[in-house]
Amino acid sequence: MSPTILKAGALAIALAASSCAHADIKYRVSAIADSADISWNRINNNGLIAGQFNYARAILVQNGQMTQPIDYISTIDALNDHGNYGGTYNIDLMNSSSTGYFAQGGQYTSIPSYATTWRSDYGGVSAINNNNQVVGTVAGRQVRFDAEHPYYAPRAYLWENGQMRSLGNLGIDETEAYDINRYGVVVGRAAVGDMKNAAFLYARNGMQSLASYLPTGISSSATGINDAGQILGQLYSSGDEHAFLIANGETFLFDIDGFRNTKAVGINNAGQFILNGNNGWSGKAAAYVRLNGELFDLNQITGLDSGWSIRESYDINDKGQILVQACTASFDCRSMLLDPLSAPVLLPGIPPAVPEPATYGMLLAGLGIACMLARRQRHASQI
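Residues numbered from 1 in each chain as written. Predicted model: local features only at pLDDT ≥ 70, side-chain atom pairs only at ≥ 80, totals over all residues. Heavy atoms only, no water.

A. Layout of the overall build of the protein chain. A count of helices and strands for the protein chain gives three helices and 30 strands. Evaluated residue by residue, the protein chain yields a buried proportion of 54% over its 383 residues. Sequence separation of at least 24 residues holds for 47% of the intrachain contacts in the protein chain that already meet a minimum separation of 6. (Helix = DSSP H or I, 4+ residues; strand = E, 2+ residues; numbered from the N terminus. Buried < 20%, exposed > 50% of the residue type's maximum accessible area, 1.4 Å probe, protein only. Contact = heavy atoms within 4.5 Å.)

B. Broad picture of the sheet that holds strand 29 (residues 322-327). With respect to topology, four strands assemble into an open sheet ordered 3-30-29-28, the strand pairing being antiparallel. Since the sheet does not close on itself, it has two edges, and those belong to strand 3 (27-32) and strand 28 (309-316), each with one partner. Taking the axes of each pair of neighbouring strands and ignoring which way they run, one obtains an average angle of 35° across the sheet. Strand direction decides the pairing type here: strand 3 and strand 30 (residues 333-340), joined by five bridges, are antiparallel. (Pairing = 2+ DSSP bridges. Axes fitted to C-alpha atoms, helices over the stretch in contact; angles between N-to-C directions.)

C. Examining the state of the cysteines more closely. Under the defined criterion, the tally for this structure stands at one disulfide. The partner cysteine of Cys327 in its disulfide is Cys333, sulfur to sulfur 2.0 Å. The disulfide joining Cys327 to Cys333 has a torsion of about 110° about its S-S bond and is therefore right-handed. Accessibility classification places Cys327 together with Cys333 in one group, the buried group. (Disulfide = S-S within 2.5 Å.)

D. Fine view of unusual backbone geometry. At Asn54, a position not held by glycine, the phi torsion is positive, near 55°. Along the polypeptide, Asn54 turns up in the loop between strand 5 (49-53) and strand 6 (57-62). What makes Asn54 partly exposed here is its relative accessible area of 44%.

E. Region of the structure containing the pattern of salt bridges. Taken as a whole and judged by the stated rule, the model has nine salt bridges. A salt bridge links Asp173 to Arg155; the shortest N-O distance between them is 2.6 Å. With Asp173 in the loop between strand 15 (163-166) and strand 16 (175-180) and Arg155 in strand 14 (residues 151-160), the pair connects residues that are 18 residues apart, well separated along the chain. Two residues, Glu160 and Arg165, come together in a salt bridge whose shortest N-O distance is 3.3 Å. Since its relative accessible area comes to 22%, Glu160 is described here as partly exposed. (Salt bridge = Lys/Arg side-chain N within 4 Å of Asp/Glu carboxyl O.)

F. Layout of the pairing of strand 16. Two strands pair when backbone bridges link them, and strand 16 and strand 17 (residues 186-193) are joined in this way by five bridges, in the antiparallel orientation. Residue pairing in the sheet places Ala177 in a bridge with Gly188 of strand 17. The antiparallel hairpin formed by strand 16 and strand 17 contains five residues in its connecting segment, where Gly184 sits at a positive phi of about 80°.

G. How the structure looks around the environment of Ser166. With respect to the helices, strands and loops of the structure, Ser166 is situated in strand 15. On the basis of relative accessible area, Ser166 is assigned to the partly exposed category, the value being 31%. As for Ser166 and Val135, which are separated by 31 residues in sequence, their C-alpha atoms are 9.9 Å apart. Looking at Ser166, its side chain comes within polar contact range of the main-chain nitrogen of Gly168, at 3.3 Å. (Polar contact = N/O pair within 3.5 Å; in protein donor to acceptor, adjacent residues only side chain to side chain.)

H. Broad picture of the sheet that holds strand 10 (residues 99-104). Taken together, four strands build an open sheet; the order of strands is 8-9-10-11 and the sheet is antiparallel. Two strands bound the open sheet, and with one partner strand each, they are strand 8 (73-79) and strand 11 (107-111). Pairwise comparison of adjacent strand axes, ignoring direction, gives a mean angle of 30° for this sheet. The pairing of strand 8 with strand 9 (residues 85-90) spans six bridges and is classified as antiparallel. Bridge pairing in strand 9 links Ile76 to Gly87.

I. Here's a closer look at the pairing of strand 4 (residues 38-43). Relative to strand 5, strand 4 runs antiparallel, the two sharing five bridges. Bridging from a neighbouring strand, Ser39 pairs with Gln52 of strand 5. Hairpin connection, strand 4 to strand 5: the antiparallel pair is bridged by five residues, and Gly47 has positive phi, about 85°.

J. Geometry of the environment of Leu232. Within the secondary structure, Leu232 sits in strand 21 (residues 231-237). On the basis of relative accessible area, Leu232 is assigned to the buried category, the value being 0%. Taking C-alpha positions, Leu232 is 9.7 Å from Phe252, a pair spaced 20 residues apart along the chain. Setting aside its immediate chain neighbours within four residues, Leu232 contacts Ala222, Thr223, Gly224, Phe244, Leu245, Ala264, Val265, Gly266, Ile267, Phe273 and Ile274.

K. Spatial organisation of the environment of Val289. As for its placement among the helices and strands, Val289 is situated in strand 26 (residues 285-291). Classification of Val289 by relative accessible area gives buried; the value is 0%. Residues Val289 and Gly320 lie 31 residues apart in sequence; the distance between their C-alpha atoms is 9.8 Å. Each residue touching Val289, except ones within four places of it in the same chain, is listed here: Tyr27, Phe273, Ile274, Glu294, Leu295, Phe296, Leu298, Ile301, Ile316 and Ile322.

L. Layout of the packing of aromatic side chains. Inspection of the entire model under this criterion finds eight aromatic pairs. The interplanar angle of 85° and the centroid separation of 6.2 Å between the aromatic rings of Tyr85 and Tyr101 together place this pair among those described as edge-to-face. Of this pair, Tyr85 sits in strand 9 while Tyr101 sits in strand 10, placing them 16 residues apart in sequence. Here the two residues Tyr85 and Tyr101 agree in accessibility, since each one is buried. You can call Tyr101 buried: its relative accessible area is 0%. The lysine or arginine in question, Lys284, covers the ring of Phe259, its NZ or CZ lying 4.9 Å from the ring centre. (Phe/Tyr/Trp six-rings, centres within 6.5 Å; stacked < 30°, edge-to-face > 60°. Lys NZ or Arg CZ within 6 Å of the ring centre and 35° of its normal.)

Rendered as structure tokens:
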């Protein structure tokens, strides 16, 4: 069956075929983790890799050398080009709560919680830009008062120069921030009632919902934004996930044949982005990358030894390097670094002169987003 595109105003839904593109090798494996106990999840534009050892200790990897910069149970979930990073750590093994932190030049700063009791001491860092602006989520208002199991709704924050700022909300004080670009524009998700969430964009004039660019009545979250204002995110419908991209006032939804879920993972400043397809607990999984308007299965364009299968992607930098996990049939799984055989061309950054979603999120030229869109819209303008 040929893929279709349905348009209604600002919405375009693209259904991608599993065999999106067949091409020559475009990536090579340049590094493999020594052990299945080592996982890599972040890479900056200078090749510094962050991850975890034994699912417990944060690690940094540079030029093949691994260090453990934090003595406690910890993660590194955000990394910028200056080598500064952030994540969570837990110094009290009797307390399952974690504290967010920001590390710069060997100095660690804890990200405080809005809540006031020791049980609410939860925080996390999601992203750091090169201006050392930090975004993430900490515990906010208490919504369940069970003494043994209190629950504090998450609250998105922006932290810079030692000062924390709440990003506001969309009517309910429950928000999470996931990414920030170099201009300080933040994306995430906010509760909107009826057990639903809406993707948001935060700029100078506060938080704004992206609901007008997405199907009505469906929960959503915005998980990534690049300096050109392209926004990557997720829709949640009937237990399934669907990745979307907002660009030029249109929304493109990715469904890959053979997978129930298509998860948006990351986007770089060349407009390349990575997706993961999976069927929940069924075991089937694969990773995809969008290059020059085409969607590729990484297994088909990577010079990977036979017997290995790429199942997940974790991060992509501006050089096009991708962190993935590949497994054998016996589930010996390793983190790997994929290097592109040709360097991507970066898109021009769009400074936020006018803080409106139309300025930030819809700036990608009309090149096809998924493979069928590229085939059907060859006449579209290109960046």
